[in-house]
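# Structural features, examined
Spelled out from the first residue to the last, the chains are:
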Amino acid sequence: MDFKTILGRAKRGLREELRLYLVAVSSLAVAFLCVAGVLLAVTNLSAVAERWGRSGRMSVYLRDGAQPDDVTRLRVVLEGMREVESVEQLTSEDARRQFLEHSDVEADLAALPPEVFPASLEVSLAEGTSVQRVASISERIGSLRAVDDVETYRGWFDRLDGLLSAGRGIAGVLALLVALCVLAVIGNTIRLAVARRREEIEVMKLCGATDGFVRGPFVMEGTFQGFASALVAVLVLLLGFALLRGHLDASLAALSGTHVAFLQPWMLVALVLGGAAIGALGSALSLRRYLTV
Amino acid sequence: MARDPDSKVVRPFAFFRAGVQSDPSAARRPILVFEDVYKYFRRDQPTLRGVNLTIERGEFAFVTGPSGAGKSTLLQLVYRKHTVDTGRILFCGKDVARLKPKSIPYLRRNLGIVFQDFKVVRHWTVYENVAVALEILAMPKRLVRSRVAEALERVGLAGRGSERTENLSGGEQQRVAVARAIVTEPALILADEPTGNLDPHLAIDILTLFEEINATGTTVLFATHDHSLIAKRDHRIIGIDEGRVVEARTGLRSWPGAEERAASDPASGLHAVAG
């Protein structure tokens, strides 16, 4: 049987069982929406993690009353390192001004004296500097006399990384559950359709139809259900994203300096094609025992 | 009726599996041979016991006997709904019992099967019900259209292809089933009580239709328990009783015990013939 005939018969099947398939597609779309939503969250968290990881910053806090000679020596040491791109010195006054510029806090804190904010050297590291190397630089610098403390921001990054790993795990488990759910729903829908079209299958088998001829349109219908469900989920997610983007963008930009992004095109394609493939598999598996005439 | 010359182009289908060459000597053999066939559905009570039977090409044969005698089983073994337990069934010289499941569709493409309950898809149109047999053969649409139109004309349903089958009468639905059975021009038609759900007048119409099909050279095996129908024709009769075959060559006149049965059971239909 050629593809055109399979498609024609599948179209007729979809038309005849339209209500049944609409119910199945809407249930499956909700399941796919959950997966797509988690994927979207993971994608944006990854972007934040990447931004933070890539930023390669280090703040070297100076001791109160550190001697200018010691600070100069420290700068020389830092600037002599291959990984260091630039070193900017912030006095207590500069640190206070920056804090007040970038924070939303009101007048109470504006009254704080400059001494509350430690002077520092803001070190910008070359992209791709390894975590181990950053730790080694931090250890070396930390032992110098003018240095009070070194902040590499690894703590934040590690926490975000943990969050991301958890998110990825949840996405994986959810994807597996959704795959099983899609298999079950499509399998049952096709079984119902087969039961309603038993007469048709019997006629075809008695006329000499091969299992492939009988199975083809049902597999196509299952494929379509999976495809349509995933597509509907993606479209609903896109709509929700478009509506909420403004609010999300402001929050994320303030938090991490990144903008919210939708799923990558390859993810969308994988989601829709994955839905179609699971749909095909579900219907093929459910048909095996109904072909004996 | 003038044949579309194109219809010769796609004259079917390798017998067992696509690509397998058919045996030219098969044309000289009987179309169907049963050799000592046994079929058990219960261990202690065979449905068919040692059936030996030969059906020649172009024959029209009634298969008759009481309900439960094994008529339908005999036909079902031919189209491999069931498999023989012992013995052989040779169709065109090939043992159908030895066919692998994948080859069964190719066997069925050489058979036309008609049932008592019509087995038409009621929500399909008449055209779709007949065309399905050709679509299975992947025949081009243009050919399908002409072959279906021709088959519908042969069964007296010309021009009614677009009607939904559920709107037709029982007799018309059975004609649709017959059209589907003949549209592929099979070598053998198996009719399993095709008049069982029809009133006597329509039953005669359908029987006549099968005879017309037989007149074009198609072998017909017509299972029925309706003696009144058999009595009206003088075809070969294959009687089955308790799984055994009792044969008569020339209608009910030579049926074993016909005289006695007609005397004891006037309703059997034997009376008119035997008398």
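Residues numbered from 1 in each chain as written. Chains lettered and ligands numbered in written order. Predicted model: local features only at pLDDT ≥ 70, side-chain atom pairs only at ≥ 80, totals over all residues. Heavy atoms only, no water.

## A look at the interface of chain A and chain B
What counts, and what does not: Any two residues having at least one pair of non-hydrogen atoms within 4.5 Å are treated as being in contact. A quick way to say it: buried area is the sum, across both parts, of accessible area lost when two parts are put together, with a 1.4 Å probe. A pair is scored as a salt bridge if a Lys or Arg side-chain nitrogen falls within 4 Å of a carboxyl oxygen belonging to Asp or Glu. N or O atoms closer than or at 3.5 Å make up a polar contact, with two conditions inside protein: a donor-capable atom paired with an acceptor-capable one, and, for residues adjacent in sequence, both atoms drawn from side chains. By the criteria applied, helices consist of DSSP H or I runs no shorter than four residues and strands consist of E runs no shorter than two, each listed in order from the N terminus. Basically, the charged four are Asp, Glu, Lys and Arg, the nonpolar ten are Ala, Val, Leu, Ile, Met, Phe, Trp, Tyr, Cys and Pro, and anything else, Gly included, counts as polar.
On the side of chain B, 19 residues touch chain A, which itself brings 16 residues to the contact. Together, Val203(A), Leu206(A) and Cys207(A) form the three largest contributors to the area buried by chain A at its contact with chain B, with a combined 31%. Where chain A touches chain B, the interface holds three salt bridges. The salt bridge partner of Glu128(B) is Arg12(A), with a shortest N-O separation of 2.8 Å. Here chain A is connected to chain B by six residue pairs in polar contact (both at pLDDT 80 or more). Counting residues per element, the ones that place at least two in the side of chain A that touches chain B are α1 (3–16) and α8 (198–206) of chain A. It is α8(A) that contributes the most residues to the side of chain A that touches chain B, seven residues altogether. Class assignment for the residues of the side of chain A that touches chain B results in seven nonpolar, two polar and seven charged.

## Some remarks on the pattern of salt bridges
Residue and element names in this part refer to chain A. Stated formally: Exposure categories follow from relative accessible area, calculated using a 1.4 Å probe and restricted to protein chains: below 20% of the type maximum is buried, above 50% is exposed, and the middle band is partly exposed.
Across all of its chains, the model carries 25 salt bridges over all chains by this definition. Between arginine 82 and glutamate 83 there is a salt bridge, and its shortest N-O distance comes to 3.8 Å. Residues arginine 96 and glutamate 93 are paired through a salt bridge, measuring 4.0 Å at the closest nitrogen-oxygen approach. Of this pair, arginine 96 and glutamate 93 both sit in helix α4 (residues 92–102), three residues apart, which is roughly one turn of the helix. Given a relative accessible area of 18%, arginine 96 falls into the buried group. Assessed through its relative accessible area of 39%, glutamate 93 is described here as partly exposed. The structure contains a network of salt bridges with shared partners spanning Asp70, Arg73 and Arg145.

## Structural notes on the pairing of strand β6 (residues 111–115) of chain B
Residue and element names in this part refer to chain B. Quick note on the threshold: Two strands qualify as a pair provided that DSSP identifies no fewer than 2 bridges between them.
Where burial is concerned, most of β6 is hidden: five out of the five residues are buried. Here β6 pairs with strand β7 (residues 188–192) via five bridges, running parallel. Each residue of the ladder has a partner; that of leucine 111, found in β7, is leucine 188.

## Regarding the sheet that holds strand β3 (residues 120–125) of chain A
All names here are of chain A. Note the cut-off: Here an angle of 0 to 180 degrees is reported between the N-to-C directions of two axes, which are lines fitted to C-alpha atoms, with helices fitted over the stretch in contact.
Across the sheet, which stays open at both edges, the four strands sit in the order β2-β3-β1-β4 with antiparallel pairing between neighbours. The open sheet has two edge strands, β2 (84–90) and β4 (147–151), and neither has a second partner. Between one strand axis and the next, the sheet turns by 20° as a mean value, whatever way the strands run. Pairing of strand β1 (residues 57–62) with β3, which is carried by five bridges, proceeds in the antiparallel orientation. Bridge pairing in β3 links valine 60 to leucine 121. Contacting β1, β2, β3 and β4, helix α3 (residues 68–79) runs over the sheet at an angle of about 160° to β2.

## Points about the packing of aromatic side chains
Residues and elements named next belong to chain B. Inclusion rule: Only Phe, Tyr and Trp rings take part, Trp by its six-membered ring, and two of them pair if their centres are within 6.5 Å. Stacked means planes under 30 degrees apart, edge-to-face means over 60, and tilted covers everything else.
Under the definition given, this model contains seven aromatic pairs over all chains. For the ring pair phenylalanine 60 and phenylalanine 222, a centre distance of 6.0 Å and an interplane angle of 25° mean the geometry is stacked. Of this pair, phenylalanine 60 sits in strand β3 (residues 60–64) while phenylalanine 222 is found in strand β8 (residues 219–224), placing the two residues 162 residues apart along the sequence. For the residue pair phenylalanine 60 and phenylalanine 222, the accessibility class agrees, reading buried in each case. Centroid distance phenylalanine 210 to phenylalanine 222: 5.4 Å. Interplanar angle 85°. Geometry classified as edge-to-face. Here phenylalanine 222 lies in strand β8 and phenylalanine 210 lies in helix α6 (residues 200–215), a separation of 12 residues in the sequence.

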